[in-house]
Amino acid sequence: ATRKGNAVSLKLDQGSKLKGQTVRLVLDPSVQPQIASTSASTIANMSLSPWTYRDSCVESRLPRRISHAQCLTSGCLSLLGGREDAALEAKPIYYQVLVLHRIPRQRHSKKAGRMRRNQYDFRLGTEVISVGCTCVRPSVIPQQ
């Protein structure tokens, strides 16, 4: 194991089996996520299928705040005049991200059966988020 600041890096053998194992994880506080930066909001406003961001906050999840894109129009804006064109549809673009879920560890102490506090395990999970919007041709199903 190597240590740099508050971050710990582990080199695992190829044959390591971590399923069901508990590993110590220390996050580097100097790494700050850059969510909804100025350039991202500029792209959202310049797009033919503009979007805005809404935040999802879950206290037991890392990262706690995740921004989701929300399409502002159902159609796409035309190049001439900027009016909404119903011939094309604005659809969200989805991306799967890794998250950690904090789960309280419940262990009894030896004194009068009291619970020990502030001990957690983390479960790795995924969430699908919308990162932007794009224009697509509508799908038409012919009737018979």
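Summary of the structure given here.

About the thresholds
- Residues numbered from 1 in each chain as written.
- Predicted model: local features only at pLDDT ≥ 70, side-chain atom pairs only at ≥ 80, totals over all residues.
- Heavy atoms only, no water.
- Helix = DSSP H or I, 4+ residues; strand = E, 2+ residues; numbered from the N terminus.
- Contact = heavy atoms within 4.5 Å.
- Areas by Shrake-Rupley, 256 points an atom, 1.4 Å probe, with all protein chains shown as cover.
- Salt bridge = Lys/Arg side-chain N within 4 Å of Asp/Glu carboxyl O.
- Buried < 20%, exposed > 50% of the residue type's maximum accessible area, 1.4 Å probe, protein only.
- Phe/Tyr/Trp six-rings, centres within 6.5 Å; stacked < 30°, edge-to-face > 60°.
- Lys NZ or Arg CZ within 6 Å of the ring centre and 35° of its normal.
- Polar contact = N/O pair within 3.5 Å; in protein donor to acceptor, adjacent residues only side chain to side chain.

## Let's talk about the overall build of the protein chain
Thinking step 1. Tallying secondary structure elements over the protein chain gives one helix and eight strands in all.
Thinking step 2. Reading the secondary structure of the protein chain in the N-to-C direction produces β-β-α-β-β-β-β-β-β.
Thinking step 3. For the protein chain, contacts bridging at least 24 residues in sequence account for 51% of all contacts bridging at least 6.
Thinking step 4. Per element, the accessible surface of the protein chain, about 12000 Å² overall, is 52% carbon and sulfur.

## Structural notes on the pattern of salt bridges
Thinking step 1. By the definition in use, this model includes five salt bridges.
Thinking step 2. Between Asp-55 and Arg-65 there is a salt bridge, with the nearest N and O atoms lying 3.8 Å from each other. Of this pair, Asp-55 sits in strand β3 (residues 51-57) while Arg-65 sits in strand β5 (residues 65-71), and the two are ten residues apart along the sequence.
Thinking step 3. Judged by its relative accessible area of 43%, Asp-55 falls in the partly exposed class.
Thinking step 4. The closest approach of N and O atoms between Arg-105 and Asp-121, which form a salt bridge, is 2.7 Å. In this pair, Arg-105 is assigned in the loop between β7 (84-104) and β8 (120-136) and Asp-121 in strand β8, connecting sequence segments 16 residues apart.
Thinking step 5. Relative accessible area serves as the criterion here: at 23%, Arg-105 is assigned to the partly exposed category.

## Brief notes about the packing of aromatic side chains
Thinking step 1. This structure, assessed with the given rule, holds zero aromatic pairs.
Thinking step 2. Across from the ring centre of Tyr-120, 4.7 Å away, lies the NZ or CZ of Arg-102, which sits over that ring.

## Remarks on the environment of Ser-78
Thinking step 1. Mapped onto the fold, Ser-78 is located in the loop between β6 (75-77) and β7.
Thinking step 2. On the accessibility criterion, Ser-78 (22% relative accessible area) is partly exposed.
Thinking step 3. Considering only alpha carbons, one finds Ser-78 and Ser-49, 29 residues apart in sequence, at a separation of 9.6 Å.
Thinking step 4. Polar side-chain contacts of Ser-78 include one of 2.8 Å to the backbone oxygen of Leu-80.

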